[in-house]
Amino acid sequence: MPTTLHFGVDHLVAARLADLRGLRIGLVTNDAATTALLPRPLMPVRQALQQMGVNLVRLFAPEHGMGASAHDGANIADAVDPLTGLPVVSLYGATFQPTAAMLADLDLLLFDIPDVGVRFYTYIWTLSHLLEACGAVGLPLWVLDRPNPLGGDLALAEGPILDETQISSFVGRWAIPIRHSLTVGELAQMWNQERGLAVDLTVVPVMGWARHQQWPFVGLPFVPMSPAMPSYQSALLYPGTCLFEGTKLSEGRGTATPFQLISAPWLDAIAVAQTFNQLQLTGVLARSAQCIPCAGKYANQLCQGVMLHVLNAHEFRPVAAGLQLLWLISQQHPDEFQWLPYPTAANAPGYGHFDRLIGRLDIRTALTATRTAPADLIAQWTTLPQWPTQVQPYLLYV
C-alpha cells in the first residue's frame with residue numbers, strides 16, 4: 001500500500017524550505033536516509049535537498065560511511081560524495097565529533113539518519129556528539145525525524161538502562177535502555193534538556209505516524225541501514241541477538257539473516273531450539289537451521305544454528321529472549337561457550353564487549369553463574385517501570 005506518511009525531510013520539503021533560503025548548510029546523513037514521498041519516494045535525502053535548491057556545503061558520514069556499506073566497526077575515511085559532488089567528513093574514524101573548524105562556515109546543521117531504536121546502534125551516538133559540538137559553537141541543529149521501526153510503545157521498552165558511571169562507549173554513551181522506544185528527535189530533545197546542552201535545536205517531526213506503529217505501517221521498503229541490518233525482521237531481533245557479538249557464537253553476520261540466526265560449528269542447535277521453545281516466551285519461536293557464513297565468525301564453515309521467528313511483534317520482548325537464549329547455550333555448552341572481544345574503530349582492543357552492550361558490569365557473571373532458569377533475574381534487568389514517566393516531557397507523538 002502506498003504511504004501517506006511524511007518523514008521529517010518530506011515535511012521540510014513541503015512546508016519549510018523557505019526557512020533554509022540563503023543559509024550555508026551541513027548535512028549528517030547516509031544512503032539509508034531517503035524520502036517517503038517528496039519529491040519522490042526513496043530518493044536519498046541529500047539528493048532531494050540539493051535538487052530543491054538547498055545550499056548544502058558539506059556532508060558528514062557516520063559509522064558504515066555515506067553508502068551505509070562499510071563493515072561494522074570499520075574506520076571511515078573522508079571522501080567526495082559521487083551523488084552530489086560534495087565533500088564528506090567522516091565522523092567514525094579520526095574523529096567522532098565535528099571540530100569547531102568543520103562547522104565554522106555553516107549557518108545550520110541538519111541530521112537525518114534512520115535509527116533502529118536500540119541503544120548500541122551507533123547513529124544516535126553520532127547525534128549526541130553533534131549536540132555537544134553545536135552547543136559549544138552556537139550552531140543551530142535541525143533533526144529531521146523518522147519513525148522508530150520498532151515502534152514507540154513505551155510498554156515494550158527494555159533495559160537494562162546503561163550505567164554510564166561504569167561504562168560509557170560508542171555503543172552506549174549515556175543512560176538509556178537497550179530498546180528505548182523513542183525517535184531520534186525525541187532523544188535529541190531529552191538529551192538537550194537533561195544534559196544542559198543549550199543547543200538551538202529544532203525537530204522537524206514525522207507526519208502521520210503513531211507510537212504503536214512499527215515499520216510495516218510505513219508502507220515503504222525497509223532500506224538497509226548497514227550491511228548487517230537489511231530488514232525489519234533483523235531489526236526486530238537485534239536488541240537481543242546483538243548481545244552475541246561479545247561471545248564465541250556467530251550473530252548471523254555473513255548470512256542472509258543477520259541477527260535472526262545464532263550459530264557455531266559446535267552448537268547442538270536441535271536441543272537448544274527445543275529447550276528455548278519450552279520456555280514459551282511470548283511472540284517468538286525457534287527452529288534449528290544450518291548455515292555457512294561468508295564473513296565474520298566461522299566464515300566458510302558449516303555451522304549449526306538457532307533461528308528465531310517473531311510471531312507477534314507487538315508482544316515480543318527481544319532483550320529478554322536474547323538473554324534467555326544466551327543462558328541456555330552457556331549451560332548446554334559450558335566447555336565451548338566463551339566471551340570474546342569485539343574490536344572496532346571506536347574500541348580498538350574490543351575487550352568487555354558484552355558488558356558495553358548490556359550496559360552493566362554485573363550481568364555477565366550473574367547470568368552464567370546461575371544454574372536455574374533465570375527468568376526472574378532477566379525480568380529485573382529488562383523491566384523499566386520509570387522510563388515512560390522520565391521521557392513523557394519529550395514525546396512528539398501519541
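In case you missed it, the structure is sitting above this.
Computed from a prediction, not measured in an experiment: that's the story for all the values here.

J.: Is there a simple way to explain the overall build of the protein in this structure?
T.: If you tally the helices and strands in the protein, you get 12 helices and 10 strands. In summary, the protein has a C-alpha radius of gyration of 21 Å against a globular reference of 21 Å for 398 residues, a match within 12%. Projected onto its principal axes, the C-alpha positions of the protein cover 65 × 45 × 40 Å. Counting every position in the protein, which comprises 398 residues, the buried fraction comes to 59%. Considering only contacts in the protein between residues 6 or more positions apart, those separated by 24 or more positions represent 74%. Taken as a whole, the protein presents about 15000 Å² of accessible surface, with 54% of it coming from carbon and sulfur.

J.: How should I be thinking about the sheet that holds strand β9 (residues 284-291) in this particular structure?
T.: Sheet strands associate in pairs through backbone hydrogen bonding, adopting either a parallel or an antiparallel arrangement. Strand order across the open sheet formed by three strands is β8-β10-β9, with antiparallel pairing between neighbours. Edge positions in the sheet fall to β8 (261-264) and β9, since each of these pairs with one other strand and no more. Sheet twist, expressed as the average angle between the axes of neighbouring strands with direction ignored, equals 20 degrees. With four bridges connecting them, β8 and strand β10 (residues 303-310) associate as antiparallel partners. For Ile-262, the partnering residue across the bridge sits in β10 and is Val-306.

J.: Just checking my understanding: could you explain the pattern of salt bridges for this structure?
T.: A side chain with one charge can pair with a side chain of the opposite charge if their charged atoms come near. A complete count under the given rule lists 16 salt bridges for this structure. One salt bridge in this structure joins Asp-19 and Arg-16, with 3.0 Å as the shortest N-O distance. Given a relative accessible area of 40%, Asp-19 falls into the partly exposed group. The class of Arg-16 is partly exposed, set by a relative accessible area of 26%. Note that Asp-81 and Arg-46 form a salt bridge whose closest N and O atoms lie 2.8 Å from each other.

J.: Just checking my understanding: could you explain helix α7 (residues 269-278) for this structure?
T.: The α-helix advances 3.6 residues per turn, and as a result positions three or four apart in sequence lie on the same side. Of all the residues in α7, the buried ones are Ala-269, Ala-271, Val-272, Ala-273 and Phe-276. Along its buried surface, α7 packs onto β9, β10 and α8 (318-332). Following α7 by one or two positions, Gln-280 adopts a phi angle in the positive range, close to 55 degrees.

J.: Even after reading the chapter, I still don't get helix α1 (residues 8-15), so can you show me in this structure?
T.: Of all eight residues in α1, six are buried; the element is thus mostly enclosed. Here the buried face of α1 lies against α2 (45-51), β6 (141-144) and β7 (201-204).

J.: When you look at the packing of α8 against helix α11 (residues 375-382) in this model, what are you seeing that I'm missing?
T.: Two measures define how a pair of helices packs: the angle their axes make with one another and the distance between the axes. The N-to-C vectors of α8 and α11 enclose an angle of 145 degrees; their axes lie 10 Å apart at closest approach. Considering the relative orientation of α8 and α11, their crossing is right-handed. Two secondary-structure elements touch here, α8 through Val-319, Ala-320, Leu-323 and Gln-324 and α11 through Ala-375, Ile-378, Trp-381 and Thr-382. Among the residues making up the contact of α8 with α11, the classes are represented as six nonpolar, two polar and no charged.

J.: Got a minute to help me understand the packing of aromatic side chains in this structure?
T.: The way to describe two aromatic rings as a pair is by their centre distance and the angle between their planes. Under the defined criterion, the tally for this structure stands at 15 aromatic pairs. Taken together, a centroid distance of 5.8 Å and an interplanar angle of 80 degrees make the contact between Trp-215 and Phe-222 edge-to-face. In this structure Trp-215 comes out as buried when scored by relative accessible area, which is 13%. Classification of Phe-222 as buried rests on a relative accessible area of 14%. Between Trp-339 and Phe-354, the ring centres sit 4.6 Å apart and the planes meet at 45 degrees, which makes this aromatic pair tilted. Here Trp-339, found in the loop between α8 and α9 (353-358), pairs with Phe-354, found in helix α9; they are 15 residues apart in sequence, far enough to count as distant. Judged by relative accessible area, which is 2%, Phe-354 ranks as buried. Ring pairs connect the aromatic residues Phe-120, Tyr-121, Tyr-123, Tyr-238 and Phe-259, which therefore count as one cluster.

J.: Hey, could you run me through the sheet that holds strand β5 (residues 108-111) in this one?
T.: Spatially, seven strands are ordered β3-β4-β2-β1-β5-β6-β7 in an open sheet, and the strand pairing comes out mixed. The open sheet is flanked by β3 (79-80) and β7, the only strands paired with a single partner. Bridge count between strand β2 (residues 56-61) and strand β4 (residues 87-90): three bridges; the pairing is parallel. Opposite Phe-60, over in β4, you have Val-89 as the bridge partner. Across the sheet, helix α4 (residues 123-137) is in contact with β1 (25-28), β5, β6 and β7; its angle to β5 comes to roughly 165 degrees. Against the sheet, helix α5 (residues 184-194) engages β5, β6 and β7, with an angle of about 160 degrees to β7.

J.: What is the right way to read the pairing of β6 from this model?
T.: On a regular strand, each side chain points to the face opposite its neighbour's, so the side chains alternate between the two faces of the sheet. Residues Leu-141 and Val-143 of β6 are buried on one face, and the alternating residues Trp-142 and Leu-144, pointing to the opposite face, are buried as well. With three bridges connecting them, β5 and β6 associate as parallel partners. Bridge pairing links Leu-110 to Trp-142 in β6. Bridge count between β6 and β7: four bridges; the pairing is parallel. By the bridge assignment, Trp-142 is partnered in β7 with Thr-202.

J.: Help me out: how do you make sense of the side chain of Thr-241 in this one?
T.: Along the chain, the position of Thr-241 falls in helix α6 (residues 232-241). Among the polar contacts listed, one links the side chain of Thr-241 to the backbone oxygen of Leu-237, at a separation of 3.0 Å. Each residue touching Thr-241, except ones within four places of it in the same chain, is listed here: Glu-251, Phe-259, Ile-262 and Leu-308.

About the cut-offs
Residues numbered from 1 in each chain as written. Predicted model: local features only at pLDDT ≥ 70, side-chain atom pairs only at ≥ 80, totals over all residues. Heavy atoms only, no water. Helix = DSSP H or I, 4+ residues; strand = E, 2+ residues; numbered from the N terminus. Rg over C-alpha atoms; globule rule 2.2 N^0.38 Å. Buried < 20%, exposed > 50% of the residue type's maximum accessible area, 1.4 Å probe, protein only. Contact = heavy atoms within 4.5 Å. Areas by Shrake-Rupley, 256 points an atom, 1.4 Å probe, with all protein chains shown as cover. Pairing = 2+ DSSP bridges. Axes fitted to C-alpha atoms, helices over the stretch in contact; angles between N-to-C directions. Salt bridge = Lys/Arg side-chain N within 4 Å of Asp/Glu carboxyl O. Left-handed = near helix turned anticlockwise from the far one by under 90°. Nonpolar A, V, L, I, M, F, W, Y, C, P; charged D, E, K, R; others polar. Phe/Tyr/Trp six-rings, centres within 6.5 Å; stacked < 30°, edge-to-face > 60°. Polar contact = N/O pair within 3.5 Å; in protein donor to acceptor, adjacent residues only side chain to side chain.

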